[in-house]
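Coordinate analysis (summary)
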Amino acid sequence: MLYNRYFSYWGWREYTIAILLGIAFYIFVYVSVVLIHYAIDRSRISQELKSHKEWLHGFGEQSKKKPIKIYAANGKLMGEYLPERGSKITMPVCKQLRPLRDAVIATEDNDFYSHRGISYRSIIRAAWKNISSFGIRQGGGTISQQLARNLFTNMKRSFSRKLYESLAAYQIESVLSKDEILCLYLNKIYMGEGRIGAEEASWFYFKKPPEKLDIAEAAMIVGLFPSPVKYSPLNNIELSLKKQKMVLDRMTEIGNLSQSKRQKTMNHFLRRYQVKLSTKDSGLIGLYGASRYFRFNMAPSANEYVKDFLHQSLPDDVIRNGGLKVYTTIDPIRQNAALRNIRSVIRRLRIQMISKNPKKDPELMQEYSRRLNGVLIALDSVTGNILSVVGGYSVTEGTMTRRVWSMRRQPGSSLKGFLYAVALNEETLKINSLVDDKRISINGYRPRNWNRKYLGEIPLVQAVAMSVNTIAVQTLHDLGISRFRSYLSSALGLGFFEARKRFPGNLSLALGSGELSPLELAKIYAPISNGGFSVTPKLIRFIETSQGDTLWSTSRYKTSQTKVFDSASSSSTLKLMEHVFDPSLNGTASFIGKRRESNTNYLPFPIAGKTGTVQIDSKVRKTKYKGIRGVRDAWFIGIVPREVTVVWLGQDEGVPISASGATAATVWAAYAQSALKGRIQGNFPAYLIDPFDQTFEENTEDIESIQDDQYDEEEDEYEYDEEEEDDDDDEYDEEEEDEEDDEYEYDDDNDEERDNKRDNDEDKDNKRDDDKDKDNKRDDDKDKDNKRDDDKDKDNKRDDDEDKDNKRDDDEDKDNKRDDDEDKDNKRDDDEEG
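One structure accompanies this document, and this report is about it. Because the structure is a prediction, the values reported are computed rather than measured.

**Some words on the packing of helix H19 (residues 416-425) against helix H24 (residues 518-530)**
The N-to-C vectors of H19 and H24 enclose an angle of 45°; their axes lie 10 Å apart at closest approach. The orientation of H19 with respect to H24, classified from their angle, is oblique. As for how H19 packs across H24, the hand of that crossing is left-handed. In this structure, H19 contributes Lys-416, Gly-417, Phe-418 and Ala-421 to the contact, and H24 contributes Ile-524, Tyr-525 and Ile-528. Taken together, the residues of the contact of H19 with H24 sort by class into five nonpolar, one polar and one charged.

**Some remarks on the environment of Leu-492**
Among the secondary structure elements, Leu-492 is positioned in helix H22 (residues 481-492). Counting along the chain gives 24 residues from Leu-492 to Leu-516, while the straight-line C-alpha distance between them is 9.9 Å.

**Considering the pairing of strand E2 (residues 77-81)**
Judged by how many residues are buried, E2 sits mostly within the fold: four of five residues are covered. Hairpin connection from strand E1 (residues 68-71) to E2: five residues lie between these consecutive antiparallel strands, with Gly-75 at a positive phi of about 90°. Bridge count between E2 and strand E5 (residues 294-297): three bridges; the pairing is antiparallel. Paired with Gly-79 across the two strands is Asn-297, which belongs to E5.

**Structural notes on the sheet that holds strand E12 (residues 550-553)**
The six strands lie next to each other as E5-E2-E1-E6-E11-E12, forming an open sheet whose pairing is mixed. With one partner strand each, in any of the chains shown, E5 and E12 form the two edges of the open sheet. Each strand of the sheet is rotated relative to its neighbour by a mean of 15°, with strand direction disregarded.

**Some details on the side chain of Ser-381**
Along the chain, Ser-381 turns up in the loop between strand E7 (372-380) and strand E8 (386-390). By relative accessible area, Ser-381 is classed as buried at 0%. Side-chain polar atoms of Ser-381 contact the side chain of Ser-529, separated by 2.9 Å.

**Here we look at the packing of aromatic side chains**
According to the stated counting rule, one finds 24 aromatic pairs in the structure shown. Relative to Phe-484, the ring of Phe-418 lies with its centre 6.0 Å away and its plane at 55°, an arrangement referred to as tilted. Here the residue Phe-418 occupies a position in helix H19, and Phe-484 occupies one in helix H22, the gap between them amounting to 66 residues. Assigned by exposure class, Phe-418 and Phe-484 land together as buried. Ring pairing ties together the aromatic residues Phe-204, Tyr-205, Phe-206, Phe-269 and Tyr-273, which thus form one cluster. Against the face of Tyr-231 rests Lys-243, its NZ or CZ located 5.2 Å from the ring centre. A cation over an aromatic ring shows up here: Arg-350 above the ring of Tyr-393, its NZ or CZ 4.3 Å from the ring centre.

**As for a nonpolar patch on the surface**
Together, Ile-19, Leu-20, Ile-23, Tyr-26 and Ile-27 make up an exposed nonpolar region whose accessible area comes to about 530 Å². One can find Ile-23 in helix H2 (residues 12-56). Note on Ile-23: relative accessible area 44%, which makes it partly exposed.

**As for the state of the cysteines**
What the rule picks out here adds up to one disulfide. The disulfide that involves Cys-94 links it to Cys-183, with 1.9 Å between the sulfurs. Around the S-S axis, the bridge from Cys-94 to Cys-183 shows a dihedral of about 85° and counts as right-handed. Of this pair, Cys-94 sits in helix H4 (residues 91-94) while Cys-183 sits in helix H9 (residues 178-188), and the two are 89 residues apart along the sequence. Here Cys-94 and Cys-183 have matching classes, each one buried.

**Describing unusual backbone geometry**
For Glu-427, which is not glycine, the phi dihedral falls at a positive 60°. Residue position: Glu-427 is located in the loop between H19 and strand E9 (434-437). Given a relative accessible area of 61%, Glu-427 falls into the exposed group. The phi torsion at Asn-586 lies on the positive side, around 55°, for a residue other than glycine.

About the criteria used
Residues numbered from 1 in each chain as written. Predicted model: local features only at pLDDT ≥ 70, side-chain atom pairs only at ≥ 80, totals over all residues. Heavy atoms only, no water. Axes fitted to C-alpha atoms, helices over the stretch in contact; angles between N-to-C directions. Helix = DSSP H or I, 4+ residues; strand = E, 2+ residues; numbered from the N terminus. Parallel < 35°, antiparallel > 145°, perpendicular 65-115°, else oblique. Left-handed = near helix turned anticlockwise from the far one by under 90°. Contact = heavy atoms within 4.5 Å. Nonpolar A, V, L, I, M, F, W, Y, C, P; charged D, E, K, R; others polar. Buried < 20%, exposed > 50% of the residue type's maximum accessible area, 1.4 Å probe, protein only. Pairing = 2+ DSSP bridges. Polar contact = N/O pair within 3.5 Å; in protein donor to acceptor, adjacent residues only side chain to side chain. Phe/Tyr/Trp six-rings, centres within 6.5 Å; stacked < 30°, edge-to-face > 60°. Lys NZ or Arg CZ within 6 Å of the ring centre and 35° of its normal. Patch = residues over 30% accessible without salt bridge, like charges linked within 9 Å, V, L, I, M, F, W, Y side chains within 5 Å. Areas by Shrake-Rupley, 256 points an atom, 1.4 Å probe, with all protein chains shown as cover. Salt bridge = Lys/Arg side-chain N within 4 Å of Asp/Glu carboxyl O. Disulfide = S-S within 2.5 Å.

What follows is the structure, given as structure tokens:
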């Protein structure tokens, strides 16, 4: 009754007024809270804006934090490390960003130079578009409001945040000029992929500073502003190009860009970055990624190592202040060649990994292929200086050094060269020794050669060239495992217990069952190259302050050298490893030797090497990677006078890849041809094989009998000729894989009955082999004729490939000329518009 009596005097007008008064009071309180909050922050905002203004003009505390410059051995800049992240575009640079500035203003705030922080016309225009489209299609925020949002708010969508940023936008307009606001905005806008500011985006997507961007590149970067993830060309190239087109259309609409120039620059952009819409391929845009910590990064792995070294060796405040100069041992020519050739082969292997496993889940294989990587490290074997280093295909933060310095994988047969050096040094073998390649069983361990064939008595040089497993195991058995491990410890500088932990105490060690990093593998081959002394690898020569004072220097830390081998053993091992390229001995990299024989300009300097291929464990393959073809690791050690280079190819998790040690050898050969030609001085130490030893001539027929079986098919694969590959290889033989894995198994059990059974099995195998030999003898003449025809076919194919390469070069020259003409037209148009 009281309620009815109290409200009986109220009509609908009174209720309406009460509700409106309540809403007004709530808005008043709400706005008052925001105003009070802003009033409290006003002085802080003003101070921050003044600090930003000083930095834009090169003054104040922020301006003192200059990048740390990293230099190559010849004094050229190869990296700029930024202790504090973010774009560093100052006002002098901003004045050179005409394409980027025009694109930003055209799409983000066309009234930028006429409003005072808030554009009411933009708000009305955005509201009309949102209403007409029945959704939120456009915002009405100005560049000043967006800058205020990035600098002073938590970015949450709310009315209070919008009110606060509007108030801050007015204050920004009162402290900074329009050009300063625009320049600061380009430094602070989030660009996706973890990048902040237009400078980081420019380096990440286009590998150039923002002042070098053309109109199409600038349009793609500005197209990222509304949603960097959604419009990223790496996530959706079609959507990114659509947004880029909208930016260019807007620039044309307001008169900043002519229609003819718009079309020219877009066509030029698509060709330059090899964008393929048919396959949704973003081409060269952001192809290899970028580190957010480096503004300039020509040697990613070396620069990442420098960054880590600085934080381990110097106080944090010294690093944060910046301005340091770091001088390294990297040779730019070698570095560029290493990076180019690793990326080239990894790109091919990633494609092959998917194409050769069509029955597997495409998305799974795509994920596996992205983790396929490669390493190349070149070491001066006398000084220990690292001349070039590549730690992977893409630039990924935190992993560029791991694969080189700390990743440990089985080296496989690539360890055999070091094994034979130890055997020569201990006089277990001599360079002219004859060794017996036959079936062996040592304490139950029965290593096999990859082709299941045995050559009988052969010279040691042939066993090294062909990487015969039985000879390596017999050599380690004669030498002694503990003795061999002591040499590894001496070359690597390891303690006794660490060496026992790292390298197994069984004969599988002869076939590379221990674990080494790529750098460690280069380190153990350095004594073979330099006459017998261990080395300490180093990449940094010295570090200076901006005033030229030396903070750190390699010369302050004296490293002792250990005598690992005598000079005769080292030079003898090099002589043996030279024959890895020997076609007459069917060396595991003989395809390189064949090309050297036919072309005197190909690798015209002394070379030695060793291949290594590591099979994946059969149980792992059957349970985890069933049906995926390939090997676990592919290695190659390439040696020239005073330099050792190690190449590794593999998948980070150990997924099988379609490669071999010879594939890794092609990487080294391409690297050496492009980086070392005309730069290698001197020869290997001379050590002649006994001229009265006739074992080479006596065994050449045996070598020829298996040459076709061993490398004819593989050589095509090494040259990446996919059309000529044998389709039979597509079927994976699980039983054969099980047998291959036996060569890594070691069994101490000496049960007599089991040995007798094995002997009986071997007798049966020998009888079966004798029967096959009789049949094979009748086919020898035919095989020789077929081989002669195959050689002719290979010559014809090589000529065809050369013709194709020449035609491709002509097409590239035409494209380059067309690009040059378009660049001239674009420049002429710029001059006319100016």
